[in-house]
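# Architecture at a glance
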Amino acid sequence: MSDLKTKIKLCAFADEADSCLDGQIKALRENGITLLEIRGVDGQNIADISLEKTHKIKETLDNNGIQVWSVGSPAGKTDINADFSAEKERFVLMLEKGKILGAKCIRLFSFYGTGGKKEYRDEVFFRLSEFVRMSRQYDIIPCHENEKGIYGENAARCLEIHKNVPDLMAVFDPANFIQCGQDVMEAWRMLSPYVYYGHIKDADSSGRILPPGEGIGHIADYLLDFAAKGCGVLTLEPHLAEFVGLSGLENDNNKSNVGSLNFKNNREAFDCAADSLKKIIDRL
């Protein structure tokens, strides 16, 4: 047995396998994954799901042995010039849902519309600090995800964020760095002290999403360092096929290069990514 199997727990965005909860549970169980990063259910983003429905989701997941690891929230995927009060209200509701679901973490972003300009630094840091403050009240760990088009697009700006916003952790996404022209292992060396958990998706030099290990994401090296650091949880985020809710997750100017490979359906794409990741772990 690979030593990595004892050090890494697999999680997944199961809405990429199926939009409905039953299909998500089936995909997780048949792939031997017991942790969920919840993002979409029945075509609704977690930001839009009611508290009543959240309780029902929790009950169904419990009955099937699935635990919510993180809330895959869209917090911070809004324009920096937009009114922040509405975003704060939405974030509190997602934290309430996270508490209901028993989530350990909530992922968030550092706002569109900054262009990486220094004039936005203080506002970005203020808003992220507010997210941290609110998360602390719910005993949920806030984790910033690097993403193209936001302030924390490259490793240098992510590092700047973490040095200026105490208690904000990182969720590390290799493919997102590739799509921004950032070397993945350079980013890892800079940000690993702040990483709480990771995402797994891979891409080639053009930004085209590929199964884990087939791109330039240094996935094997990343996994070895990730396990050595003791991070623990990796969320599979295949992005190998279009799925319900994808368009609502992206800024019009920063679309993912998804769907270049041919799969019969979303479940087949999800299974392909899961199999590719497991093979890498088995080899290490």
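Rules used throughout
Along each chain, residue indices are assigned from 1 in the same order as the chain's sequence is written. With pLDDT at 70 or above as the cut-off, local features in this predicted model cover only qualifying residues; side-chain atom pairs require 80 or more to be listed or tallied, and sums for whole chains, interfaces and linings still use all residues. Each side-chain value is worked out from all heavy atoms of the structure, with water and hydrogens disregarded. Secondary structure elements follow DSSP: runs of H or I of four or more residues count as helices, runs of E of two or more count as strands, with numbering from the N terminus. The globule rule used here is 2.2 Å times the number of residues to the 0.38 power, and the radius of gyration it is set against is calculated over C-alpha atoms. For each residue, the accessible area found with a 1.4 Å probe, counting protein chains only, is set against the maximum for its type, and the residue is called buried under 20%, exposed over 50%, and partly exposed in between. When checking whether two residues touch, look at their non-hydrogen atoms; a contact exists if any pair is within 4.5 Å. Here the accessible surface of atoms and residues is derived via Shrake-Rupley with a 1.4 Å probe, and residues count as covered only by protein chains that are part of the display. Positive charge is attributed to Lys and Arg, negative charge to Asp and Glu, and no charge count is given to His or to the chain ends. Where a charge lies is defined by one atom per residue type: Lys uses NZ, Arg uses CZ, Asp uses CG and Glu uses CD. Strand pairing requires that DSSP identify at least two bridges connecting the strands. We call a crossover right-handed when, viewed with both strands directed away from the observer, the connection leading from the first strand over the helix to the second proceeds clockwise. The angle between two axes is taken between their N-to-C directions and runs from 0 to 180 degrees, where each axis is a line fitted to C-alpha atoms and a helix contributes only its stretch in contact. Each crossing gets its hand from how the near helix is turned against the far one by less than a right angle, where anticlockwise is left-handed and clockwise is right-handed. Side-chain classes are defined by residue name, with Ala, Val, Leu, Ile, Met, Phe, Trp, Tyr, Cys and Pro counting as nonpolar, Asp, Glu, Lys and Arg as charged, and the others, Gly among them, as polar. Throughout this description, the term salt bridge denotes a Lys or Arg side-chain nitrogen within 4 Å of a carboxyl oxygen of Asp or Glu. Working rule for helices: expected span equals 1.5 Å times residues minus one. Here, two cysteine sulfur atoms that lie within 2.5 Å of each other are counted as a disulfide. To define a nonpolar core, start from buried Ala, Val, Leu, Ile, Met, Phe, Trp, Tyr and Cys residues and group those joined through side-chain atoms within 4.5 Å. Aromatic pairs are defined between Phe, Tyr and Trp rings, using the six-membered ring for Trp, whenever the two ring centres lie within 6.5 Å; interplanar angles under 30 degrees are classed as stacked, those over 60 as edge-to-face, and all others as tilted. Sitting over a ring, as applied to charges here, requires NZ of Lys or CZ of Arg to be within 6 Å of the ring centre and within 35 degrees of the ring normal.

## Considerations on the overall build of the protein
From N to C terminus, the protein includes ten helices and twelve strands. In terms of overall dimensions, the protein is globule-like: its C-alpha atoms have a radius of gyration of 17 Å, near the 19 Å expected for 284 residues. Judged by the C-alpha coordinates and their principal axes, the protein covers about 50 × 45 × 35 Å. Split into buried and exposed, the 284 residues of the protein put 56% on the buried side. Expressed as a percentage of contacts within the protein between residues at least 6 apart in sequence, the contacts between residues at least 24 apart total 75%. When the accessible surface of the protein is totalled, it reaches about 11700 Å², and 46% of it is carbon and sulfur. A gap of 3 Å separates the mean positions of the 35 positive and 43 negative side-chain charges of the protein.

## Comments concerning the pairing of strand 6 (residues 105-108)
Of the two faces of strand 6, the one lined by C105 and R107 and the one lined by I106 and L108 are each fully buried. Sheet analysis places strand 5 (residues 67-71) next to strand 6, joined by two bridges and oriented parallel. Residue pairing in the sheet places V71 in a bridge with I106 of strand 6. Two strands pair when backbone bridges link them, and strand 6 and strand 7 (residues 141-145) are joined in this way by four bridges, in the parallel orientation. Bridging across to strand 7, L108 finds its partner in H144. Following the chain from strand 6 across helix 5 (residues 121-137) to the adjacent parallel strand 7, one finds a crossover that is right-handed.

## Let's talk about the packing of helix 9 (residues 219-229) against helix 10 (residues 266-283)
Describing two packed helices takes the angle between their axes plus the distance from one axis to the other. Running from N to C, helix 9 and helix 10 point in directions that differ by 65°, and their axes come no closer than 10 Å. Taken as a pair, helix 9 and helix 10 cross one another with a handedness that is right-handed. Contacts between helix 9 and helix 10 involve I219, A220 and L223 on the former and, on the latter, L277, I280 and I281. Broken down by class, the residue content of the contact of helix 9 with helix 10 amounts to six nonpolar, no polar and no charged.

## A short note on the pattern of salt bridges
Pairing between side chains becomes possible if they bear opposite charge and their charged atoms approach one another. Taken as a whole, this structure holds 23 salt bridges when the rule is applied. E145 is paired through a salt bridge with R107; the nearest N and O atoms lie 2.6 Å apart. Here R107 lies in strand 6 and E145 lies in strand 7, a separation of 38 residues in the sequence. Looking at E145, the relative accessible area reads 1%, which means it is buried. Residue classification places R107 among the buried positions, given a relative accessible area of 4%. Put simply, K201 and E237 hold a salt bridge, and the shortest N to O gap is 3.0 Å.

## As for helix 3 (residues 51-63)
Helix length check: helix 3 (13 residues) gives 19 Å between terminal C-alpha atoms against 18 Å at 1.5 Å per residue, within 8%. At its buried positions, helix 3 is contacted by helix 2 (21-30), strand 2 (35-38), strand 3 (40-41), strand 5 and helix 4 (84-101).

## A word on the sheet that holds strand 1 (residues 9-12)
Sheet architecture is closed into a barrel: eight strands sit in the order 1-2-5-6-7-8-9-12, paired in parallel fashion. Across the sheet, the mean angle from the axis of one strand to that of its neighbour is 35°, orientation sign disregarded. The pairing of strand 1 with strand 2 spans two bridges and is classified as parallel. Note on strand 2: the bridge partner recorded for C11 is L35. Each of strand 2, strand 5 and strand 6 touches helix 4; the most contacted strand, strand 6, lies at about 150° to it.

## Points about the state of the cysteines
Counted according to the given criterion, the structure contains zero disulfides. This cysteine, C143, is not joined by any disulfide, and C105 carries the nearest cysteine sulfur, 4.5 Å off. Of the cysteine sulfurs around C180, a residue in no disulfide, the closest is that of C158, at 8.7 Å. For C180, a relative accessible area of 22% gives the class partly exposed.

## Brief notes about the nonpolar core
Grouped together as the largest cluster of nonpolar side chains are 80 residues, with contacts concentrated most on F91, L128, F131, F172, Y222 and L223. In this structure F131 touches A75, G76, F84, E87, F91, L108, F109 and F111, once residues within four positions along its chain are discounted. C105, C143, Y197 and V233 belong to the second largest nonpolar core, which has eight residues in total.

## Some words on the packing of aromatic side chains
Between two aromatic rings, the relevant description is the distance of the centres plus the angle of the planes. Counted according to the given criterion, the structure contains 14 aromatic pairs. Centroid distance Y222 to F226: 5.8 Å. Interplanar angle 70°. Geometry classified as edge-to-face. You can see Y222 and its partner F226 sitting in helix 9, four residues apart, about one turn around the helix. In this structure, K77 packs its charged tip against the face of F109, placed 4.6 Å from the ring centre.

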